[in-house]
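# What the coordinates show
Take a look at the letters that make up each chain.
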Amino acid sequence: MEKNRFFTIIALIGAMAWTGCMKEEPAPVEEPEAVDSVWAVTLQAVKEDTPQTKGLAIEGEEATTTVLKSIWKADEPVKVYLGTTCIGTLTATPDGTDAHKATLSGTVTTSSLVAGTSTLTLLTPRESWDYTGQVGTLLEAANSIEKMYHYTAATGIRVTAVDTEHSTITTENATFANQQSIYRLSFRYKKSEESKTPITAKSVTISAANGHLVQSQAVDGSSLVEGPVSVTLATASANPFFVALKNGDETHAENLTFTVVDADGITYRGSKTIPAEYKPSGTFVSAKNASLTERLQLALSATEVDSAL
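Tallied over the full model, the rule gives six salt bridges. When the shortest N-O distance is used, the salt bridge between K196 and E193 registers 3.6 Å. Since its relative accessible area comes to 30%, K196 is described here as partly exposed. D249 is paired through a salt bridge with K279; the nearest N and O atoms lie 3.8 Å apart. Of this pair, D249 sits in the loop between strand 18 (241-245) and strand 19 (254-262) while K279 is found in the loop between strand 20 (267-274) and strand 21 (284-292), placing the two residues 30 residues apart along the sequence. Residue classification places D249 among the buried positions, given a relative accessible area of 10%. Here the residues in one salt-bridge network are K73, E146 and K147, joined through shared partners.

Now the structure itself:
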């Protein structure tokens with residue numbers, strides 16, 4: 001019996017010694033979540049009068065101008081993206097002697113900026129990149145091309161310094177490129193070479209034979225939706241109006257088909273070939289008095305019919 005007790009004591013001592021030699025696993029340490037910070041940004045930007053840049057100031061009258069000039073407007077908003085996330089808005093202060101140049105300033109909110117590595121994308125005039133809902137107006141109005149549909153972008157703008165003490169960041173200067181073309185349109189119904197009648201257009205739907213007119217997209221080109229683009233005028237008119245078109249195919253000649261509805265609800269249709277050299281973004285294309293050769297003879301009636309023939 002004493003012998004058994006002796007072995008039991010020895011076993012207990014051995015177990016205690018073994019336990020003392022075992023290393024305790026450290027408790028997992030939770031990493032603190034990154035907290036977004038607000039950073040002040042000021043940078044220099046430029047738009048040039050070339051086919052690759054924005055231009056929405058005109059020389060002369062809208063119906064006859066051959067020039068769209070590239071300038072900044074006071075307080076023009078510029079959206080700032082890190083990847084596909086909008087992290088802030090800058091506003092433009094045009095140079096007092098040259099409105100092709102501007103200072104962009106504002107704030108961004110993020111936790112992920114690394115000097116020398118992070119790059120930003122800058123986009124005007126708004127966050128939603130969408131060409132639907134156009135009304136044919138070029139300048140000034142709240143829903144004009146200038147305010148809503150004339151997108152310009154500066155990509156790959158590198159963050160050169162991050163000052164945590166003063167909560168500021170420094171970037172490279174930015175050059176903005178035009179992301180679509182502007183078309184000036186008006187139409188005639190062509191019955192023959194001797195008979196061409198102006199169409200008082202209320203709306204037009206434009207489709208491309210190659211099928212790559214952009215309706216909407218994300219800032220990096222993803223979430224792309226392609227298809228016809230429509231314009232509905234506030235008041236039917238035979239005068240020229242404007243539409244912003246982004247074509248995903250800038251290489252080949254394009255056959256655009258126009259389906260026009262006039263003030264009386266009569267539909268006209270016709271096509272026009274756009275040469276390849278006029279397709280790149282930034283081009284101003286004037287197609288006044290484009291001839292449409294098809295006419296739907298019966299206008300749509302506004303009278304409701306609820307009896308069967």
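Before going further, it helps to spend a moment on empty space enclosed by the protein. Within this structure, the stated rule accounts for one cavity of 30 Å³ or more. Quantified by volume, the largest cavity comes out at close to 80 Å³. Every residue lining the largest cavity is listed: S181, Y183, L213, L245, K246, N247, E254, L256 and K279. When residues of the lining of the largest cavity are traced back to their parent elements, those giving at least two are strand 12 (181-192) and strand 19. Grouping the constituent residues of the lining of the largest cavity by class yields four nonpolar, two polar and three charged.

Below, the discussion takes up the nonpolar core. Ranked by internal contacts, the top residues of the largest apolar core, which has 26 residues, are L185, F187, I206 and F258. Counting only elements with at least two residues in this core, the list comes to strand 12, strand 14 (201-208), strand 17 (229-237), strand 18, strand 19, strand 20 and strand 21. Residues contacting I206, with those up to four places away along its chain left out, are L185, L213, P228, V229, V243, L245, L256, T257 and F258. Judged by nonpolar contacts, the second largest core, of 22 residues, contains V41, V80, I87 and L122.

Turning to the sheet that holds strand 22 (residues 294-295), a few remarks are in order. On the basis of which strands lie adjacent, the open sheet formed by five strands has the order 17-14-19-20-22 and antiparallel pairing. The two strands at the open ends of the sheet, each matched to only one other strand, are strand 17 and strand 22. Here five bridges tie strand 14 to strand 17, and the two strands are oriented antiparallel to one another. Paired with S203 across the strands is T232, a residue of strand 17.

Side chains of strand 9 (residues 168-171) alternate between two faces, with I169 and T171 buried and T168 and T170 left unburied. Both strand 1 (residues 37-46) and strand 9 contribute to a ladder of two bridges, which runs parallel. Its bridge partner being in strand 9, A40 is matched across the sheet by T168. As judged from the four bridges shared by strand 8 (residues 152-163) and strand 9, these two strands associate in the antiparallel manner. Bridging from a neighbouring strand, D163 pairs with T168 of strand 9. Taking the residues between adjacent antiparallel strands as the criterion, strand 8 and strand 9 are bridged by four residues, where S167 takes a positive phi near 55°.

Considering the arrangement of structural elements, one finds L256 in strand 19. A C-alpha to C-alpha distance of 6.2 Å links L256 and T273, two positions 17 residues apart in sequence.

This part covers unusual backbone geometry. Along the chain, T124 connects to P125 via a cis peptide bond; the corresponding omega equals 0°. Counting through the fold element by element, P125 comes out in the loop between strand 7 (119-124) and helix 2 (145-148). For D75, which is not glycine, the phi dihedral falls at a positive 65°. Inspection of the secondary structure puts D75 in the loop between strand 3 (68-69) and strand 4 (77-82). Even without glycine at this site, S167 takes up a positive phi of about 55°. Within the fold, S167 resides in the loop between strand 8 and strand 9.

Summarising the model, the chain shows a mean pLDDT of 85, and 77% of its residues fall at 70 or more. The model gives residues 6-21 a pLDDT under 50, and that stretch makes zero contacts with residues more than four places away or in other chains. Taken together, the stretch residues 51-55 has pLDDT below 50 and engages in 28 contacts with residues farther than four places along the chain or on a different chain.

Scoring rules and cut-offs
Residues numbered from 1 in each chain as written. Predicted model: local features only at pLDDT ≥ 70, side-chain atom pairs only at ≥ 80, totals over all residues. Heavy atoms only, no water. Salt bridge = Lys/Arg side-chain N within 4 Å of Asp/Glu carboxyl O. Buried < 20%, exposed > 50% of the residue type's maximum accessible area, 1.4 Å probe, protein only. Helix = DSSP H or I, 4+ residues; strand = E, 2+ residues; numbered from the N terminus. 1 Å grid on protein atoms, 1.4 Å probe; cavity = no way out; pocket = protein on both sides within 12 Å on 5 of 7 lines; lining within 4 Å. Points joined across faces, edges and corners; volume = space filled by probe spheres on them. Nonpolar A, V, L, I, M, F, W, Y, C, P; charged D, E, K, R; others polar. Core = buried A, V, L, I, M, F, W, Y, C linked by side-chain atoms within 4.5 Å. Contact = heavy atoms within 4.5 Å. Pairing = 2+ DSSP bridges. pLDDT = per-residue confidence, 0-100.

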